[in-house]
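Close look at the chain arrangement
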Amino acid sequence: MEEATENLIRAGEIFMYTVWLQSQMSDLLILKKNPELVAPFVANPEKVPSRMAQLRAAYWERHFGVIKEEFRSEFADMLSERELKDLESIFHTRNMIAHAHVSLGRKYMLYRPGGGKKKEQALIEALDVRPVEGQARPFMLKLEFWKDDFYMSVFDRIKRLDEICFERLCQSIAIPHARIR
């Protein structure tokens, strides 16, 4: 497959996985804050309790960053440093994809972080970005999802959050992980 096409396909896949992670975080927050919903939610996989559906709809209106911060706060004592780093990295990756400059004739996308030096520095730290000789000014990042190592580093973070972190958090509130996946 052509690298430019592969880049777009993989970026779309990663973006959808971040939407999926956001949905799981929302469900975990709802169920932790509303323990009375756990039993009816678990009891019937065919039906979502009406109150749960209402709360989900409210969470759908929130941005990923808002849910991420609430999630970090609510589960603060249960998240490892690596999980916090993965979560922050996924947040920035999702934002980069959503706000990238895309050209169908190029095998990469470009992203320019907004919000000044402070936000730029947060992105650099979250993604472990290393300075490049002759770096463009203003600061920009190339998103090259067609490169297996770049793509897999993001995918591995998603996989760890889902299979390890969210699995453990589901167990802590007595719901099968499959129920929110």
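What counts and what doesn't
- Residues numbered from 1 in each chain as written.
- Predicted model: local features only at pLDDT ≥ 70, side-chain atom pairs only at ≥ 80, totals over all residues.
- Heavy atoms only, no water.
- Helix = DSSP H or I, 4+ residues; strand = E, 2+ residues; numbered from the N terminus.
- Buried < 20%, exposed > 50% of the residue type's maximum accessible area, 1.4 Å probe, protein only.
- Contact = heavy atoms within 4.5 Å.
- Areas by Shrake-Rupley, 256 points an atom, 1.4 Å probe, with all protein chains shown as cover.
- Lys, Arg positive; Asp, Glu negative; His and termini not counted.
- Charge placed at Lys NZ, Arg CZ, Asp CG, Glu CD.
- Core = buried A, V, L, I, M, F, W, Y, C linked by side-chain atoms within 4.5 Å.
- Salt bridge = Lys/Arg side-chain N within 4 Å of Asp/Glu carboxyl O.
- Axes fitted to C-alpha atoms, helices over the stretch in contact; angles between N-to-C directions.
- Parallel < 35°, antiparallel > 145°, perpendicular 65-115°, else oblique.
- Left-handed = near helix turned anticlockwise from the far one by under 90°.

Concerning the overall build of the protein chain
The number of helices and strands found in the protein chain is seven helices and two strands. For the protein chain, the N- to C-terminal ordering of α and β elements is α-α-α-α-α-β-α-β-α. Projecting the C-alpha coordinates of the protein chain onto the three principal axes gives extents of approximately 55 × 35 × 25 Å. Taken over 181 residues, the protein chain has a buried fraction of 42%. The contacts of the protein chain with a sequence gap of at least 6 include a subset with a gap of at least 24, amounting to 74%. Carbon and sulfur atoms form 55% of the exposed surface of the protein chain, whose accessible area is close to 10100 Å². Taken as two groups, the 28 positive and 27 negative side-chain charges of the protein chain have centres that lie 4 Å from each other.

Description of the nonpolar core
As a rule of thumb, nonpolar side chains are buried together in soluble globular proteins. Judged by nonpolar contacts, the single largest core of 44 residues is most densely connected at Leu-28, Leu-31, Phe-71, Phe-145, Phe-166, Leu-169 and Ile-175. Those residues in contact with Leu-31, other than ones at most four positions away along the chain, are Leu-37, Val-38, Phe-41, Met-52, Ile-173, Ile-175 and Ile-180.

Overview of the pattern of salt bridges
Enumeration according to the criterion identifies 17 salt bridges in this entry. Across the pair Arg-10 and Glu-6 runs a salt bridge, and its minimum N-O distance is 2.7 Å. Residue Arg-10 and its partner Glu-6 are located together in helix H1 (residues 3–33), separated by four residues, close to a single helical turn. For the pair Arg-10 and Glu-6, a shared accessibility class is recorded, and that class is buried. Measuring nitrogen to oxygen at the nearest pair gives 2.7 Å for the salt bridge that ties Glu-88 to Lys-68. Of this pair, Glu-88 sits in helix H5 (residues 81–98) while Lys-68 sits in helix H4 (residues 64–74), and the two are 20 residues apart along the sequence. Several salt bridges converge on common partners, so that one network encompasses Lys-68, Glu-69, Arg-72 and Glu-88.

Re the packing of H1 against H5
Where H1 meets H5, the axes come as close as 10 Å, and the angle between the chain directions of the two elements is 130°. With respect to H5, the axis of H1 lies oblique. Judged by the sense of rotation from one axis to the other, the crossing of H1 with H5 is left-handed. Across the interface between the two elements, Ala-11, Ile-14, Phe-15, Thr-18, Val-19, Leu-21, Gln-22 and Met-25 of H1 pack against Leu-87, Ile-90, Thr-93, Arg-94, Ile-97 and Ala-98 of H5.

Geometric descriptors of this kind do not, in isolation, establish any biological role.
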